[in-house]
Amino acid sequence: FWYRAQSPSQPPAFSRVSLRMATTAEKKAVKAQEQLAESADTLVGSAAVQEVSAIRQESSAERRTKLAADRTLLAGERTYAAWIRTGLAALAAAIGAKALLEDLVPDWLVLSASIVLLIFAEFCFVAGVWRELAGTERPEPDAAQLPAWLLVIFNGFLVLLGVAVLVGIVTR
């Protein structure tokens, strides 16, 4: 069945089949080589895409850190503004208390209320600049910061203004 006797004049069928099998195997091998080369190219391209993606993720993380630093800076400035706003309101309340309550309540009560409000205003001015300048270590933001010398000069002026108002209220 499997083995047939062949005559010597004919070339053996086995050699023709093996020749055909060899060319088919070679074609398959060439095709496999081509697919392997394509796969390698795809892998190299994929590695390059992953590298770019990793760089993009790193820069994205850096950007998020910078934005967080900006938010921290702005939150600190809002807190500083709240201290100054509260101090100015207390300063105005001290002046208003002296002007409006002078004829309605005893003088010692008007004077003590005005002095307490002025001391509170002075505390707010000092605490605002102290908190802004002596804050914890912060990352470097993209946004520009207020210069420390400007804050000190501005708050120094407000403290002197409060002292002048205090002297004016006590001597009047």
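Quick caveat: nothing in here was measured; it's all calculated off a predicted structure. (Residues numbered from 1 in each chain as written. Predicted model: local features only at pLDDT ≥ 70, side-chain atom pairs only at ≥ 80, totals over all residues. Heavy atoms only, no water.)

**Student:** Just to check I follow, could you spell out the pattern of salt bridges for this structure?
**Tutor:** If charged atoms from side chains of opposite charge come close, those side chains can pair. If you walk through the whole model with that rule in mind, you get one salt bridge. A salt bridge links glutamate 102 to lysine 98; the shortest N-O distance between them is 3.5 Å. Taking relative accessible area as the criterion, glutamate 102 reaches 31% and is therefore assigned partly exposed. (Salt bridge = Lys/Arg side-chain N within 4 Å of Asp/Glu carboxyl O. Buried < 20%, exposed > 50% of the residue type's maximum accessible area, 1.4 Å probe, protein only.)

**Student:** What exactly am I supposed to notice about the nonpolar core here?
**Tutor:** For soluble globular proteins, the rule of thumb is that nonpolar side chains tend to be buried together. With 13 residues, the main nonpolar core has Tyr80, Ile84, Leu91, Leu118, Ala121, Phe125 and Val165 as its most contacted residues. Those elements giving two or more residues to this core turn out to be helix H1 (13-101), helix H2 (107-133) and helix H3 (148-171). Per element, the largest residue contribution to this core is five residues, and it comes from H1. The residues touching leucine 91, leaving out its near neighbours within four places in the chain, are Leu118, Ala121, Leu161, Gly162 and Val165. (Core = buried A, V, L, I, M, F, W, Y, C linked by side-chain atoms within 4.5 Å. Helix = DSSP H or I, 4+ residues; strand = E, 2+ residues; numbered from the N terminus. Contact = heavy atoms within 4.5 Å.)

**Student:** I'm lost on the packing of aromatic side chains in this one. Help?
**Tutor:** The description of an aromatic ring pair uses the distance of the two centres, along with the angle that the planes make with each other. Inspection of every chain in the model, using the stated rule, returns one aromatic pair. Between the aromatic rings of tryptophan 83 and phenylalanine 123, the centroid separation amounts to 5.8 Å while the plane-to-plane angle is 75°, which identifies the pairing as edge-to-face. In this pair, tryptophan 83 sits in helix H1 while phenylalanine 123 sits in helix H2, placing the two residues 40 residues apart along the sequence. Phenylalanine 123 sits in the partly exposed class, given a relative accessible area of 48%. (Phe/Tyr/Trp six-rings, centres within 6.5 Å; stacked < 30°, edge-to-face > 60°.)

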